[in-house]
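These are the residues of each chain, in order.
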Amino acid sequence: MTQAQIEKVLQTIADSFRVSLRSPILHSPTEHALTYEDVTFPSQDGVPLEGWFIPASGSDKIIIANHPRWFSRSGLPSHLEPWRSLGAATGNDFEVNLVPDYKILHDAGYNVLAYDLRNFGHSGAANGGIFTVGRFEARDVIGSLSYVRSRRDLRDMTIGLFSRCVGCNATMFAMTKHPEAFEGVRCMVAPQPLSCRVALERALARLGVPAHYIDDLEERIRLHTSFKLDDFSPVPWAKSVMIPTLLYQVRDDPYTRPDDVQAMYDNIPIDEKKLFWIEGTTRRWDGYTYFAKDPRLMLEWFGTYMK
């Protein structure tokens, strides 16, 4: 790879932190005969967030769903360009539809609040559009909790969290900054959080860029976001997780390393935790579709701690 090619790769990656690629909302709860309400509510800092509230008749339990990077509440159209190019080189070129997950949760007796994080889906643009791997997005998690507690029909419900990838990072950072907001939250199911430095090291390796260029890349990202890569790591944030948490992760995911997820798990300072590895695939997206294929472990977790 020439120096010019390396420079282009580094700048392209850095620029993706300046403006996030939004995914359209291509699916609806009506596809699964689910009644739902379009809702909007403010983030902790006032950013307008858009979402769905899917009621489960007679239930006093609610799951708040926090989505991964690039996704909207409905999923990721990675079978289409430009979203296909995000993961095609690693086999992640198939669509991820999250709406079936909400059907599973609904049928298991849970109300569902699914919404778009800032700068994604239909939610508002914020912070100049920069992506902070969970730091500013944590304000949206706080906003979703405040919204549930503000509604007369929801405020007394038992709350659980289904926080994936950046949604999990954001939840952990919110727990670090505002632990009081999680009082009464019963548990979390947390697929595939990752540390930005690890993910970018793996990306440079896949692209054939020498490892020492991580410092150059970090500086380019800092010029966009004002943060260093380690400022984006959920490993230290995991020390603030004080609710029963189930982590799960594709073990051979080329976007991260098992030791990164293991470090988060090890830092959770309570006994009510579990780490489950998805084996037999290298496709990260398989971690996002796993729940729809076999939700038993996750439903058992919710069932145990949301009684």
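Since the model is a prediction, treat every value here as computed from it, not as a measurement.

**As for the pattern of salt bridges**
Using the criterion set out here, one finds 23 salt bridges in the structure. With a closest N to O distance of 2.9 Å, Arg-118 and Asp-45 form a salt bridge. Here Arg-118, found in the loop between β6 (111-115) and α4 (138-150), pairs with Asp-45, found in the loop between β1 (37-42) and β2 (48-54); they are 73 residues apart in sequence, far enough to count as distant. According to the relative accessible area criterion, Arg-118 is buried, its value standing at 0%. Asp-140 serves as the salt-bridge partner of Arg-118, at 2.8 Å between the closest nitrogen and oxygen. In this pair, Arg-118 sits in the loop between β6 and α4 while Asp-140 sits in helix α4, placing the two residues 22 residues apart along the sequence.

**Examining the sheet that holds strand β10 (residues 273-278)**
One open sheet accounts for eight strands, arranged β1-β2-β6-β3-β7-β8-β9-β10; its pairing is mixed. Two strands lie at the open edges of the sheet, namely β1 and β10, each paired on one side alone. For this sheet, the mean angle separating the axes of adjacent strands, direction not counted, is 20 degrees. Across six bridges, strand β3 (residues 61-66) lies against strand β7 (residues 158-163) in parallel orientation. Looking at the pairing, Ile-62 lines up with Ile-159 of β7.

Rules of the game
Residues numbered from 1 in each chain as written. Predicted model: local features only at pLDDT ≥ 70, side-chain atom pairs only at ≥ 80, totals over all residues. Heavy atoms only, no water. Salt bridge = Lys/Arg side-chain N within 4 Å of Asp/Glu carboxyl O. Helix = DSSP H or I, 4+ residues; strand = E, 2+ residues; numbered from the N terminus. Buried < 20%, exposed > 50% of the residue type's maximum accessible area, 1.4 Å probe, protein only. Pairing = 2+ DSSP bridges. Axes fitted to C-alpha atoms, helices over the stretch in contact; angles between N-to-C directions.

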